[in-house]
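Structural overview for review
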Amino acid sequence: MNGKISTIAILALGAVLAWGVINMDTPKHDESELKVDSSALRGKHGGWLFAEQDLQVEVKIYEDGIPPQFRVYVTSAEGEPISFDEVGLNIVLKRLDRVDTIGFKPSGNYLLGDKVVAEPHSFEMIVNAEWQGKKYQWQLSQIEGRAEFSPEAIKNAGLVFKKVGPGDMVTTIRLPGEIGLNEEKLVHIVPRVDGVVKKVFKDLGDQVSVGEIIAILESRELADAKINYLTGTKQADMARADLDRETQVFENTQRMLDLLEQDLDPEEIYSQLKDLVIGKSRELLIPASAKLRLTKSIHHREKGLLEKGISSESEYLIALEDYKSAEARYTALREKISYDGSWSLREKKKTLEINQLNLQTANQKLLALGLAPEEVEHLREQNEQHFAQYELRATLDGTVIQKHLTTGEAVNKDDDIFLLADLSEVWVNFAIPEKELKKVRLGQKVFFKEGPRGLQAKLSYLSSIIDEKTRTVTGRVTIPNKMRDLRPGGYVTVELVLDERRVPVVVEPDAIQNFRNWSVVYVKYGSQLEARPLELGENDGNSVEVLQGLKAGEQYVAENSYAVKAEIEKSGATHSH
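Read on for a plain summary of the structure.

Thresholds applied
Residues numbered from 1 in each chain as written. Predicted model: local features only at pLDDT ≥ 70, side-chain atom pairs only at ≥ 80, totals over all residues. Heavy atoms only, no water. Helix = DSSP H or I, 4+ residues; strand = E, 2+ residues; numbered from the N terminus. Expected span 1.5 Å × (residues − 1). Pairing = 2+ DSSP bridges. Buried < 20%, exposed > 50% of the residue type's maximum accessible area, 1.4 Å probe, protein only. Contact = heavy atoms within 4.5 Å. Axes fitted to C-alpha atoms, helices over the stretch in contact; angles between N-to-C directions. Parallel < 35°, antiparallel > 145°, perpendicular 65-115°, else oblique. Left-handed = near helix turned anticlockwise from the far one by under 90°. Nonpolar A, V, L, I, M, F, W, Y, C, P; charged D, E, K, R; others polar. 1 Å grid on protein atoms, 1.4 Å probe; cavity = no way out; pocket = protein on both sides within 12 Å on 5 of 7 lines; lining within 4 Å. Points joined across faces, edges and corners; volume = space filled by probe spheres on them. Phe/Tyr/Trp six-rings, centres within 6.5 Å; stacked < 30°, edge-to-face > 60°. Lys NZ or Arg CZ within 6 Å of the ring centre and 35° of its normal. Polar contact = N/O pair within 3.5 Å; in protein donor to acceptor, adjacent residues only side chain to side chain.

Here the focus is helix α6 (residues 313-368). Given a rise of 1.5 Å per residue, 56 residues ought to cover 82 Å, and the 81 Å separating the end C-alpha atoms of α6 matches this to within 8%. Phi turns positive, to about 105°, at Gly-370, one or two residues after α6.

In structure tokens:
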């Protein structure tokens, strides 16, 4: 029973001592009082050996197939193991950016640290121990992957520092491309008429403006077309004059018919129609109307005399017959004049419409031959000697890139004699592999370089057809070319952006160096530069994603980091524990 109590008491005392050591304050010694041993002896386990009076402590970083951890072996001066219940221990690691305090617990024949000893193993190590009521402290400098740079050394090495922070990761594919003409701003100039070249005003490479004369031809076809137009103009003018007169005659005839229906006195009718253009219908209809009035009057008189017994019935019948005959002739003549007038008016209108149609056809032919509307309009004023002269004009602002005519040469209406291009914009066409098509969509960014100039555009065209031989699809962007430095036919390499995302931590690719099988950057703390191992993500060529190893706001060497690596290797600050 007493043995069990003693065992429990010892365990309790050991727990109290362990808790007290792990949580004890660092002794308040001046650093000059600490036992510093940068070249500490090695113990039998290959660790650093610290000894004072009767206590020996061997500290080893064990990393054989496992994350690095401290293993501490505690013995007496004679090398005899000391009970872990009698010892309190912790280790303080002072790094450039933080302080790590590591506690211990028993594990077999050694004390095992409760934290991984993070790389790089570059730190000031303070070992705090307590045994038999005494406190011990040792200090050791373990420096690797670190170098000191003065401001002058930094300047001489050309080091450039940047702060760690977020960035955009851009996933791109590099594709071969070719600069081409913008085919929407390309014009083939053809004569449209057969002729002979009289003058040529533009040569290869010359700039042209819309409407500018670039060549003059002589064409019989053009002369015939102009003559046909002028003939059509005169015929249309005559037809219009005939229609105007016929319309006037028709309207005046209708007025005459209306007056005759009013049973007015012949003198009154003559008076109102005196200055009107009526034509032959006046000569025919007015006498017929006068005769009708006369026979009607005789008929009424004979009828009255017959009723009074003064005249015979035969005389009455003769008067009646004359009246009805005159009435029939007048009515028939009236109908004929009205019908003939309407018919003649329609014929004149039809003639005018035909002539106008012919004129319009002649006009359209001249426009189709390339004459401007104002040229056609002033054709009547043109000297007949110039009827065969055909002015070939530019139809866009651009550059002459092809020319196929010389003075005196005969050309056909469908000959391609000039090719004009607006070079202020060009196309860049590139081949997209079939396997990448699922990631490609219109509007994605496209980058490429032409000499020192970086250019950016958006994917504006994606072919719907896959090339059978290359298994690629043509993509296209339109690029401004105001300086004319992008020459169609040249080859470029484009970068098509497939994806963009924001990540918390990125560094520049040139900042990364290899150090002890790690990818590292060199972080800056005061005058000290130290290798920081990184776990890296994607690299888009401009930025590298950092998954672990850096915190936002830390400064790192972004340019000329190789100079830091060289200095560290020269100083011999290597991995040794």
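This part takes up the pairing of strand β15 (residues 195-200). Bridge analysis of β15 against strand β20 (residues 410-411) gives two bridges, and the strand direction is antiparallel. Paired with Gly-195 across the two strands is Val-411, which belongs to β20.

We now examine the environment of Ile-214. Checked against the element boundaries, Ile-214 lands in strand β17 (residues 213-218). On the accessibility criterion, Ile-214 (0% relative accessible area) is buried. Spatially, the C-alpha atoms of Ile-214 and Gln-356 are 33 Å apart, while their sequence positions differ by 142 residues. Setting aside residues up to four positions removed in sequence, Ile-214 forms contacts with Ile-189, Val-200, Phe-201, Lys-202, Val-208, Leu-392, Arg-393, Ala-394 and Phe-418.

Our focus in this paragraph is the packing of helix α5 (residues 280-308) against α6. Packing of α5 against α6 brings their axes to within 8 Å, and their N-to-C directions diverge by 155°. The angle between the axes of α5 and α6 places the two elements in the roughly antiparallel class. Between α5 and α6 the crossing geometry is left-handed. Taken together, the residues that form the contact of α5 with α6 break down as 14 nonpolar, four polar and ten charged.

Moving on, we come to the layout of surface pockets. Its boundaries defined by the atoms lining it, the largest pocket holds a volume of some 340 Å³. As for the largest pocket, its lining consists of 17 residues, and the residues nearest its centre are Ala-118, Glu-119, Pro-533, Gln-548 and Gly-549. When the residues that make up the lining of the largest pocket are grouped by side-chain class, the tally is seven nonpolar, three polar and seven charged.

Moving on, we get to the packing of aromatic side chains. Under the criterion given, the structure shown has five aromatic pairs. Taken together, the ring pairs connect Phe-50, Tyr-136 and Trp-138 into an aromatic cluster. Between Arg-71 and the ring centre of Tyr-62, over which it is positioned, the NZ or CZ distance is 3.7 Å. Here the guanidinium or amino end of Lys-524 rests over the ring plane of Phe-161, the centre of that ring lying 5.6 Å away.

A few words on the side chain of Arg-146. Within the secondary structure, Arg-146 sits in strand β11 (residues 146-148). Here Ser-122 takes part through its side chain, which lies 3.2 Å from a polar atom of the side chain of Arg-146.

Now for the sheet that holds β15. Spatial ordering of the open sheet is given by β18-β17-β15-β20, a layout of four strands whose pairing is antiparallel. Across the chains shown, the open sheet's two edge strands, defined by having one partner strand only, are β18 (389-393) and β20. Pairing geometry for β15 and β17, over four bridges, is antiparallel. Paired with Val-196 across the strands is Glu-218, a residue of β17.

As a further point, take the pairing of strand β4 (residues 55-62). In terms of residue burial, β4 counts as a mostly covered element, since seven of its eight residues are buried. Hairpin connection, strand β3 (residues 48-52) to β4: the antiparallel pair is bridged by two residues, and Gln-53 has positive phi, about 55°. For β4 and strand β5 (residues 69-76), the ladder comprises eight bridges, and the chain directions are antiparallel. Note that in β5 the partner of Val-57 across the bridge is Val-74.

The next subject is empty space enclosed by the protein. Taken as a whole, this structure holds one cavity of 30 Å³ or more when the rule is applied. In this structure, the largest cavity occupies an estimated 40 Å³ of space. Along the walls of the largest cavity sit Leu-260, Pro-266, Ile-269, Tyr-270, Ile-286, Ser-289, Ala-290 and Arg-293, which together make up its complete lining. Residue assignment for the lining of the largest cavity shows that the elements contributing at least two residues are α4 (266-273) and α5. At four residues, the largest contribution of residues to the lining of the largest cavity is made by α5. Partitioned by chemical class, the residues of the lining of the largest cavity number six nonpolar, one polar and one charged.

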